Amino acid sequence: MIYKLFIRPVFFLFNPELAHDIIFFIISKFTFIYPLFRLIFSPKENWEEIEINGVKFRNRLGIAAGLDKEAVAIRFFDAVGFSHIEIGTVTPLPQPGNDKPRLFRLKKDKALINRMGFNNSGADAINQNILKAKKHLKKGFAVGVNIGKNKATPLETAYSDYEICLGKLYDAADYFTVNISSPNTEGLRELQGENYLDELLGKISEKNKSLAAEKNIRQKSIFLKIAPDLTPEEIEMIYILASKHELTGIAATNTTITRNNLIENTEESGGLSGKPLKGMSDNILKQLKELNDGNTFHKMYLIGSGGVFTKTDYRDKLICGADLVQVYTGYIYEGNRIIKNIFK
Ligand SMILES: Cc1cc2nc3c(=O)[nH]c(=O)nc-3n(C[C@H](O)[C@H](O)[C@H](O)COP(=O)(O)O)c2cc1C
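Residues numbered from 1 in each chain as written. Predicted model: local features only at pLDDT ≥ 70, side-chain atom pairs only at ≥ 80, totals over all residues.

Let us now look at the overall build of the chain. Each helix and strand in the chain was counted, giving twelve helices and 13 strands. Taken over C-alpha atoms, the radius of gyration comes to 19 Å for the chain, in line with the 20 Å a tight globule of 344 residues would show. Projected onto its principal axes, the C-alpha coordinates of the chain cover approximately 50 × 45 × 40 Å. The burial tally for the chain puts 48% of its 344 residues in the buried class. The long-range share in the chain, meaning contacts at least 24 apart out of those at least 6 apart in sequence, stands at 75%. (Helix = DSSP H or I, 4+ residues; strand = E, 2+ residues; numbered from the N terminus. Rg over C-alpha atoms; globule rule 2.2 N^0.38 Å. Buried ≥ 20, exposed ≤ 12 C-beta atoms within 10 Å, placed from the backbone. Contact = placed C-beta atoms within 7 Å.)

So, about the site of the ligand. For the ligand, the set of nearby residues contains 27 residues, the closest of which are Ala 64, Gly 66, Ser 273, Tyr 328 and Thr 329. Those elements that place two or more of their residues in the shell around the ligand are strand 4 (84–90), strand 6 (111–114), strand 11 (271–274) and helix 11 (329–334). Here the shell around the ligand is built from residues that sort into ten nonpolar, 16 polar and one charged. (Near = placed C-beta within 6 Å. Nonpolar A, V, L, I, M, F, W, Y, C, P; charged D, E, K, R; others polar.)

Before going further, it helps to examine the packing of helix 9 (residues 278–293) against helix 10 (residues 311–320). The interhelical angle for the contact between helix 9 and helix 10, taken along N-to-C directions, is 25°, at an axis separation of 8 Å. One finds that helix 9 runs roughly parallel with respect to helix 10. Residues Lys 278, Asp 282, Leu 285, Lys 286 and Lys 289 of helix 9 form the contact with helix 10, whose participating residues are Asp 313, Asp 316, Lys 317 and Cys 320. Its residues assigned to classes, the contact of helix 9 with helix 10 comprises two nonpolar, no polar and seven charged. (Axes fitted to C-alpha atoms, helices over the stretch in contact; angles between N-to-C directions. Parallel < 35°, antiparallel > 145°, perpendicular 65-115°, else oblique.)

Moving on: the sheet that holds strand 5 (residues 103–106). A sheet is described by the order of its strands in space; here three strands give the open sequence 5-6-11, paired in antiparallel fashion. The two strands at the open ends of the sheet, each matched to only one other strand, are strand 5 and strand 11. This sheet shows a mean twist of 25° between the axes of neighbouring strands, independent of strand direction. Pairing geometry for strand 5 and strand 6, over four bridges, is antiparallel. Bridge assignment links Phe 104 to a residue of strand 6, and that residue is Ile 113. (Pairing = 2+ DSSP bridges.)

Another point: the packing of helix 7 (residues 194–215) against helix 8 (residues 232–244). One way to put it is that helix 7 packs onto helix 8 with a least axis distance of 10 Å and a crossing angle of 20°. Overall, the two elements helix 7 and helix 8 adopt an arrangement that is roughly parallel. Crossing geometry of helix 7 relative to helix 8 is assigned as right-handed. Counted together, Glu 194, Leu 197, Asp 198 and Leu 201 of helix 7 and Met 237, Ile 238, Leu 241 and Ala 242 of helix 8 form the full contact between these two elements. Here the contact of helix 7 with helix 8 is composed, by residue class, of six nonpolar, no polar and two charged. (Left-handed = near helix turned anticlockwise from the far one by under 90°.)

Tracing the chain through its elements places Ile 217 in the loop between helix 7 and strand 9 (221–226). According to the C-beta neighbour criterion, Ile 217 is exposed, with 12 such atoms within 10 Å.

On to the sheet that holds strand 4. The eight strands lie next to each other as 3-4-7-8-9-10-12-13, forming a closed barrel whose pairing is parallel. Along the sheet, successive strands turn relative to each other by an average axial angle of 25°, direction set aside. As defined by bridge partners, strand 8 (residues 175–179) adjoins strand 9 across five bridges and the pair is classed as parallel. Within strand 9, the residue paired with Tyr 175 across the bridge is Ser 221.

Once that is clear, we can look at the nonpolar core. With 89 residues, the main nonpolar core has Val 145, Tyr 162, Ile 250, Leu 288 and Leu 302 as its most contacted residues. Sort the elements by how many residues they give to this core and helix 6 (residues 158–169) lands first, with six residues. Dropping the residues within four chain positions of it, Leu 302 is found in contact with Gly 249, Ile 250, Ala 252, Leu 285, Leu 288, Lys 289, Gly 321, Ala 322 and Asp 323. (Core = buried A, V, L, I, M, F, W, Y, C linked by C-beta atoms within 7 Å.)

What follows is about the pairing of strand 13 (residues 324–327). Each regular strand carries side chains that alternate between the two faces of the sheet. Here strand 13 shows no split at all, with Leu 324 and Gln 326 on one side and Val 325 and Val 327 on the other all buried. As paired elements, strand 3 (residues 61–63) and strand 13 share three bridges and run parallel to each other. When the bridges of strand 13 are listed, Gly 62 appears paired with Gln 326. Bridge analysis of strand 12 (residues 301–305) against strand 13 gives three bridges, and the strand direction is parallel. Residue pairing in the sheet places Ile 303 in a bridge with Leu 324 of strand 13. For the handedness criterion, the β-α-β arrangement of strand 12, helix 10 and strand 13 is classed as right-handed. (Right-handed = clockwise from strand over helix to strand, strands pointing away.)

Let us look at the environment of Asn 120. The residue Asn 120 is located in the loop between strand 6 and helix 5 (122–134) in this model. Judged by the 25 C-beta atoms lying within 10 Å of it, Asn 120 falls in the buried class. For the pair Asn 120 and Tyr 162, spaced 42 residues apart in sequence, the C-alpha to C-alpha distance is 15 Å.

See the structure below:
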């Protein structure tokens, strides 16, 4: 209530990226308030805990990639009760992303459009931030790292960027998500094509095996994040390749480049997230679940993201087959209350 009545109206006066930066500055500095947040927001008990490949999640709800790109507020999201956060997208080298403005609110649609373009301070700096935060995290909270390629890296050698990120962040990450579905890095989505993807997933799996052997630890879970704008045939092909290369799972979905059923008129390019995305993402999850039901070789864990604002939206994702559910846009509109609302 406080967020919706007082905090959100003030922050919605600022342009969205500035509002984000101010909030993140505050929450990353005022660590002494975290115990209070833990008391107010965090559910008293664990809900539907799950363990995936040795990593424990105290509930099924997490923060999607893109909200904490720099890994500066991990402890905050642990304190307010989420079970995980996906940091990134992280690229090997720092890069500024696209020109501003690049983030837009569609309030009537409860949506956002972004064309951030993987702005981040690079794998080394983000690795340090995660390692620092991890010393303070409570049990059942996991840190995923979403990895991508630098803008300047050609598609033909994109795999090397993913390998570099795996190598640099292997100790820090509890799991990885391979992002090949952002609409804001030119050509990136072409990596979802059969030839590129087969090679990319093969190299990533090999790198995962060799890093685990070198460090004498269990292999890390690897998820593949896909776009909502794929055809059922493309999704099936991607599922088969992910299963063939024994990935841990699929994250469905990233933002859409479609502009269907919007109330507000917009000419802005970029990925659309929030309420208008929910139906599309749910349908893809359903298809992935069906593919899982027919798969006796290597089933995929599923992460559902896209348009979760309420308990019903959250339950829908689980019913459609999600093992974990992530929020971004819903969190911007609802604030921390979203956690209590979902778990009440
Ligand atoms: C501003 C913004 C930045 C994002 N950045 C990333 C990113 O860097 N990597 C990624 O995989 N997804 C990114 N996403 C997509 C989200 O992780 C999520 O998959 C998508 O927004 C759908 O969930 P939602 O409807 O709850 O927002 C971003 C989304 C937004 C709104």
